[in-house]
Amino acid sequence: MSKVEVEVVGVRIEMPANQPILLLKASEPAYYLPIWVGAIEANALSIAQRGLTPPRPMAHALLLDVLETYDAELQDVTITGKDGQIFLAELHTNDGKSISARPSDAVTLALTAHCPVYVETQLLEESGIEAPEADEEEVAQFRDFLDNVSAEDFETGTENT
């Protein structure tokens, strides 16, 4: 099966259920893949994506240390399919081994180890959402706006009493 590399956009909160969603984005084909995750997993993903190092190692760092102890390292992770509504993933090591994992754990490990994340193309097309093409100029203008906006810019000059 073919697979495509994805960008980890991050964790978003779906409203009104207040449910965390891991959001992955593929460029070719242009799709988003939303994966619902638990609150604890969302926190671990967020920490890994921001590159933070907690004072005590989390389970993901421990697993990477165990792999290293056995002369292996994480090469990549792949979101491989679905079983009902549950997404499936695999960890791939540089010594050719595959380990079944939850997508949230797999992506957290990939972020921590700085390795690529892939999604099977068929899964992306079946479960993904087509991503609209971004107008690069509009995106640049919006980022510039965000970089220069402050809370005072939204004050109306009237106070609520």
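Residues numbered from 1 in each chain as written. Predicted model: local features only at pLDDT ≥ 70, side-chain atom pairs only at ≥ 80, totals over all residues. Heavy atoms only, no water.

### Considering helix H2 (residues 59–69)
Definition in use: Whether a residue is buried, partly exposed or exposed follows from its accessible area with a 1.4 Å probe, protein chains only, as a fraction of its type maximum: under 20%, in between, or over 50%, in that order. The numbering of helices and of strands both runs from the N terminus, where a helix is a DSSP run of H or I of at least 4 residues and a strand a run of E of at least 2. What the arc describes is the spread of directions from the helix axis to the C-beta atoms. Whether two residues are in contact is decided by their heavy atoms: any pair within 4.5 Å suffices.
Along H2, the positions that sit buried rather than exposed are His 60, Leu 64 and Leu 67. Here the buried residues of H2 occupy an arc of 55° about the axis, which is enough to place them on one side. Exposed and facing more than 90 degrees away from the buried side of H2 are Ala 59, Leu 62 and Thr 69. Buried positions along H2 lie against helix H1 (39–49), strand E4 (74–83), strand E5 (86–93) and helix H3 (103–113).

### Concerning the pattern of salt bridges
The condition is simple: Between Lys or Arg on one side and Asp or Glu on the other, a salt bridge is scored when a side-chain nitrogen of the former is within 4 Å of a carboxyl oxygen of the latter.
If you walk through the whole model with that rule in mind, you get three salt bridges. A salt bridge links Lys 97 to Asp 95; the nearest nitrogen and oxygen atoms lie 3.5 Å apart. For Arg 102, the salt bridge goes to Asp 105, with nearest N and O atoms at 3.0 Å. Under the relative-accessibility criterion, Asp 105 is labelled partly exposed at 22%. Beyond isolated ion pairs, a larger network of salt bridges with shared partners links Glu 41, Arg 102 and Asp 105.

### Remarks on a negative patch on the surface
Formally: Residues qualify for a patch when their relative accessible area is over 30% and they have no salt bridge, like charges being joined within 9 Å and the nonpolar side chains of Val, Leu, Ile, Met, Phe, Trp and Tyr within 5 Å. Here the accessible surface of atoms and residues is derived via Shrake-Rupley with a 1.4 Å probe, and residues count as covered only by protein chains that are part of the display. His is not counted, nor are the chain ends, whereas Lys and Arg count as positive and Asp and Glu as negative. Where a charge lies is defined by one atom per residue type, namely NZ (Lys), CZ (Arg), CG (Asp) and CD (Glu).
A cluster of acidic residues, Asp 65, Glu 68, Asp 71 and Glu 73, forms a negative patch on the protein surface. Residue position: Asp 71 is located in the loop between H2 and E4.

### Regarding the sheet that holds strand E3 (residues 31–36)
To keep it simple, the criterion reads: Whether two strands pair depends on DSSP finding at least two bridges between them. Here the axes come from fitting lines to C-alpha atoms, over the contacting stretch only for helices, and the angles between their N-to-C directions go from 0 to 180 degrees.
Spatially, eight strands are ordered E6-E5-E4-E7-E1-E2-E3-E8 in an open sheet, and the strand pairing comes out mixed. Two strands close off the open sheet at either side, each with one partner strand: strand E6 (98–101) and strand E8 (129–130). Judged from the four bridges that link them, strand E1 (residues 3–14) and strand E7 (residues 117–120) form a sheet pairing that is antiparallel. From the neighbouring strand, Val 4 faces E7, where its bridge partner is Val 119. H3 contacts E1, strand E2 (19–26), E3, E4, E5, E6 and E7 of the sheet and is inclined by roughly 160° relative to E4.

### Focus on the nonpolar core
Selection rule: We call a set of buried Ala, Val, Leu, Ile, Met, Phe, Trp, Tyr and Cys residues a nonpolar core when their side-chain atoms join them within 4.5 Å.
Leu 22, Leu 24, Leu 33, Ile 35, Ile 79, Val 107 and Val 119 are the most contacted members of the largest nonpolar core, which totals 33 residues. Among the elements that take part in this core, H3 stands out by supplying five residues, more than any other. Discounting chain neighbours no more than four positions away, the residues touching Ile 79 are Leu 24, Leu 33, Ile 35, Phe 87, Leu 88, Ala 89, Pro 103, Val 107, Tyr 118, Val 119, Glu 120 and Leu 123.

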